[in-house]
Amino acid sequence: MLRKSVTVAILAATALASGVTAAQAQESGPLTVSANAGVVSDYRFRGVSQTEESVALQGGLDANLALSETVSLYAGTWGSTGDKDTIGASKIDVYGGITGSSGLVNWTLGAIGYLYADAKGLDYWEINGEVGTELGPVSAAVGIYYAPDQANLGDKDGVYVYTNLGVAVPNTPITLNATVGYEDNAFWNSKWDWSLGASVSYQKFTFGVAYVDTNKRSPYFKNAKVHNASDAAIIFSVGASF
């Protein structure tokens, strides 16, 4: 839901933080509840692999409460499998906020917490905001995540800013997308990440592929070799809706 449009730029950019999802929604008046699930060939968070470039299973639950025709509250949680040598066995995001639209402008304000089930000293939270617009098949947005001073960030604040662009190819099930992000915080200094991708919807299924890269190195040792968790990669994802 909203977390997907904000992150994964993300989010995903966030670049494929959640990949393509499978969703099942239930509506009751102004309240909408949805679930999502997906699988990605590599869980990349802001361009950096969280799974040592291995497959991850992901899913979440979201709720949206319409306050009016243009303003809604949202809350949800989302999780991914991880790697014992990076983020631990799993990561859980908990988030909420308010979203709305005014004319051609869509906006979101919220907060998100990152919880690592079996990795000590990694939990932290951020405030996020985004503004975007849609003109026909083209959508664009810019956003920011700000992490206030907190112990697990070495008592330092930090920022991640991003922009994303999407184009739905007319009369086809294909959507093209691109993201660029900049990160300066306790984890990285002047890190850039970017991605180019496409997704295809077919009946109940959605398939995605994206090229993801950064300007930094994040070495890790595996199988007697040194690898780079933030190097260029092609990421595949698949999901189904019900």
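K.L.:
Can you walk me through a nonpolar patch on the surface in this structure?
P.N.:
Taken together, the side chains of V180, W192, W194, L196, V209, Y211, I234 and F236 make up a nonpolar region of the molecular surface, amounting to roughly 720 Å² of accessible area. If you list the elements that add at least two residues to the nonpolar patch, you get strand 13 (191-202), strand 14 (205-214) and strand 17 (233-240). At three residues, strand 13 tops the list of elements feeding residues into the nonpolar patch. Given the relative accessible area of 41%, W192 is considered partly exposed.

K.L.:
Explain the packing of aromatic side chains here, please?
P.N.:
For any pair of aromatic rings, the description rests on two quantities: the centre-to-centre distance and the angle between the ring planes. Evaluation of the coordinates by the stated rule reveals eight aromatic pairs. Ring geometry for F45 against Y114: centres 5.7 Å apart, planes inclined by 65 degrees, an arrangement best described as edge-to-face. Of the two residues, F45 sits in strand 3 (residues 44-45) while Y114 sits in strand 8 (residues 105-116), which places them 69 residues apart along the sequence. F45 sits in the buried class, given a relative accessible area of 8%. For Y114, a relative accessible area of 0% puts it in the buried group. For the pair F205 and F207, a centre-to-centre distance of 6.3 Å together with 20 degrees between the ring planes defines the contact as stacked. Judged by relative accessible area, F207 falls into the partly exposed class, the value being 41%. Within the aromatic cluster, the residues linked to one another by ring pairs are F45, Y114, Y124 and F187. Over the ring of Y145 we find R46; its NZ or CZ atom is 5.1 Å from the centre of that ring. Over the face of the ring belonging to Y160 we find R46, whose NZ or CZ atom lies 4.3 Å from the ring centre.

K.L.:
What is the right way to read the pattern of salt bridges from this model?
P.N.:
It is possible for side chains of opposite charge to pair when their charged atoms get near one another. Considering all chains together, one arrives at nine salt bridges under this definition. Where R44 meets D231, a salt bridge forms, and the shortest distance between an N and an O atom there is 3.6 Å. Placement of the pair is R44 in strand 3 and D231 in the loop between strand 16 (225-228) and strand 17, with a sequence separation of 187 residues. Two residues, D93 and K91, come together in a salt bridge whose shortest N-O distance is 3.7 Å. Like K91, D93 is buried. Each of R46, E126, E183, K191 and D193 takes part in salt bridges that share partners, so that together they form one network.

Rules behind the numbers
Residues numbered from 1 in each chain as written. Predicted model: local features only at pLDDT ≥ 70, side-chain atom pairs only at ≥ 80, totals over all residues. Heavy atoms only, no water. Patch = residues over 30% accessible without salt bridge, like charges linked within 9 Å, V, L, I, M, F, W, Y side chains within 5 Å. Areas by Shrake-Rupley, 256 points an atom, 1.4 Å probe, with all protein chains shown as cover. Salt bridge = Lys/Arg side-chain N within 4 Å of Asp/Glu carboxyl O. Helix = DSSP H or I, 4+ residues; strand = E, 2+ residues; numbered from the N terminus. Buried < 20%, exposed > 50% of the residue type's maximum accessible area, 1.4 Å probe, protein only. Phe/Tyr/Trp six-rings, centres within 6.5 Å; stacked < 30°, edge-to-face > 60°. Lys NZ or Arg CZ within 6 Å of the ring centre and 35° of its normal.

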